[in-house]
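Listed here are the chains, written in short residue letters.
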Amino acid sequence: MANIKDVAERAGVSVATVSRVLNGHSPVAATRERVLAAVQELGYRPNNVARALRTARTGALGLIISDLTNPFFTELADAVEDEARSLGYSLVIGNAGERPAQQDDYIRTLLDRRIDGLLVSSAGTGSAMLAEVVGSGTPLVLLDRSVPGIDAPCVRADGRAAMSDLAAHLAALGRRRPAIIVAPAGTPTGEERLGLFRGALAAHGIDLPDERVGAAPDLQHTGGRRVMSALLDLPQRPDMVLATDNLMALGAMDELKARGLRVPDDVALVSYDDVPWFAHTDPPLTVIAQPTRELGRVAVHTLLERIERRPADSVLLPARLVTRHSCGEPRTAR
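About the thresholds
- Residues numbered from 1 in each chain as written.
- Predicted model: local features only at pLDDT ≥ 70, side-chain atom pairs only at ≥ 80, totals over all residues.
- Heavy atoms only, no water.
- Buried < 20%, exposed > 50% of the residue type's maximum accessible area, 1.4 Å probe, protein only.
- Helix = DSSP H or I, 4+ residues; strand = E, 2+ residues; numbered from the N terminus.
- Pairing = 2+ DSSP bridges.
- Right-handed = clockwise from strand over helix to strand, strands pointing away.
- Salt bridge = Lys/Arg side-chain N within 4 Å of Asp/Glu carboxyl O.
- Domains from an automatic or database assignment.
- Phe/Tyr/Trp six-rings, centres within 6.5 Å; stacked < 30°, edge-to-face > 60°.
- Lys NZ or Arg CZ within 6 Å of the ring centre and 35° of its normal.
- Contact = heavy atoms within 4.5 Å.

**Q** Mind showing me how you'd approach the pairing of strand 1 (residues 60–65) here?
**A** Every regular strand shows the same layout, with side chains that alternate between the two sheet faces. Of all six residues in strand 1, six are buried, a share of seventy percent or more. A two-sided burial pattern is seen for strand 1, the buried positions comprising Ala60, Gly62 and Ile64 on one face and Leu61, Leu63 and Ile65 on the other. Pairing of strand 1 with strand 2 (residues 90–95), which is carried by six bridges, proceeds in the parallel orientation. Within the sheet, the bridge partner assigned to leucine 61 lies in strand 2 and is leucine 91. Remark: the strand 1/helix 5 (residues 71–86)/strand 2 crossover connection has right-handed handedness. Two elements, strand 1 and strand 3 (residues 117–120), share four bridges in a ladder whose sense is parallel. Looking at the pairing, glycine 62 lines up with leucine 118 of strand 3.

And the structure:
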């Protein structure tokens, strides 16, 4: 069975360098790649128990995702895992299923496993155990969703510029009766996206009255469809709907189809979130795309800064408008 000295010889580095790489501290990418390649070739498995006793670290990070059935969060978790593994860390993932109590159960489990740090994309508006994580001294970074009252850096997308671009795009296409499907009341991301959309529309003289704001009961297909149904039953039907989540956008699409309404001829539709198949729907869906993989990468590095007891600030990464054909955009001839 290969040992750490064998890995050092194969990689052409010292034992100390191998140890630093396996603990995620190598500053040179080329060195890290050589060491990890040697580990793979030799089938070396470090003794994590012994290492934890020496360093008070386990080489494991925790990630709690609010809903792994949501394609956005699935890709986000994949990005986090890829980056963590590239830095020599293992990742333990818990799915909160948008239930704060389930989130707390996973937090307890991960803390019991003595993870080195925790990433949380919080269910709802947070949970009681998050405050305990901060109090315990376990490094914590919030991902995608900030949580009021929790003193931890948050890595998330900034939709301000994208919403401004969307409002200008809609105004140019003559859409004057917008509506929005938002997350359940009290959800920070839902409130933020509503405020950004309303403000961006106002800059073009377009109103977004309360009757055209629909709060879904959940962030699921069924919630989006239910709100779209209510919006379509208004005395004056909206000519455009923004769904602030990809699953709610799918539900909205299904309700339009069930009523025999066409996108964009009868109602334009935009999703806040992009998923691969939105480029292949009929018509292809205009979206606000979040930098999902970059969010995951930056979140891991922010957490490692916290683990090393270095200052780490919150990070905002810009979302962007991707125009396709669901708002009546002209199609170019091929």
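**Q** Can you help me understand the pattern of salt bridges in this one?
**A** Proximity of charged atoms lets side chains of opposite charge pair with each other. For the structure on display, the rule yields 16 salt bridges. With a shortest N-O distance of 3.1 Å, arginine 293 and aspartate 78 are connected by a salt bridge. Here arginine 293, found in helix 12 (residues 292–307), pairs with aspartate 78, found in helix 5; they are 215 residues apart in sequence, far enough to count as distant. Connected through shared salt-bridge partners, Arg225, Asp233, Glu255 and Arg259 make up one network.

**Q** Sorry if this is basic, but what is going on with the domain arrangement of the protein chain here?
**A** What the domain assignment reports for the protein chain is domain 1 (4–46), domain 2 (56–157 + 292–318) and domain 3 (159–290). Each of domain 1 and domain 3 has a C-alpha centre, and the two are 50 Å apart.

**Q** Is there a simple way to explain the pairing of strand 10 (residues 286–289) in this structure?
**A** Burial along strand 10 is two-sided: Thr286 and Ile288 facing one way and Val287 and Ala289 facing the other are all buried. Pairing geometry for strand 9 (residues 268–272) and strand 10, over three bridges, is parallel. Bridge assignment links valine 270 to a residue of strand 10, and that residue is threonine 286. Note that strand 10 and strand 12 (residues 320–322) share three bridges and pair antiparallel. Each bridged residue has a counterpart across the sheet, and for isoleucine 288 the counterpart in strand 12 is leucine 321.

**Q** Can you walk me through the packing of aromatic side chains in this structure?
**A** Here the distance between the centres and the angle between the planes together describe a pair of aromatic rings. One pass over the structure, following the stated rule, counts one aromatic pair. Here arginine 193 stacks its cationic end above the ring of tyrosine 272, 3.9 Å away from the centre of that ring.

**Q** When you look at unusual backbone geometry in this model, what are you seeing that I'm missing?
**A** Comment: phi is negative for the bulk of residues other than glycine, and the bulk of peptide bonds are trans. Of note, the amide linkage connecting valine 263 to proline 264 takes the cis form, showing an omega dihedral of 5°. Along the chain, aspartate 282 connects to proline 283 via a cis peptide bond; the corresponding omega equals 0°. By secondary structure assignment, the location of proline 283 is in the loop between strand 9 and strand 10. Non-glycine residue aspartate 273 carries a positive phi angle of around 130°. Among the secondary structure elements, aspartate 273 is positioned in the loop between strand 9 and strand 10. Residue aspartate 273 is classed as buried on the basis of its relative accessible area of 3%.

**Q** Would you explain the side chain of asparagine 70 in this entry?
**A** Its place among the elements puts asparagine 70 in the loop between strand 1 and helix 5. For asparagine 70, a relative accessible area of 2% corresponds to the buried category. Setting aside anything within four residues of it in sequence, one finds asparagine 70 in contact with Asp245, Asn246 and Leu247.

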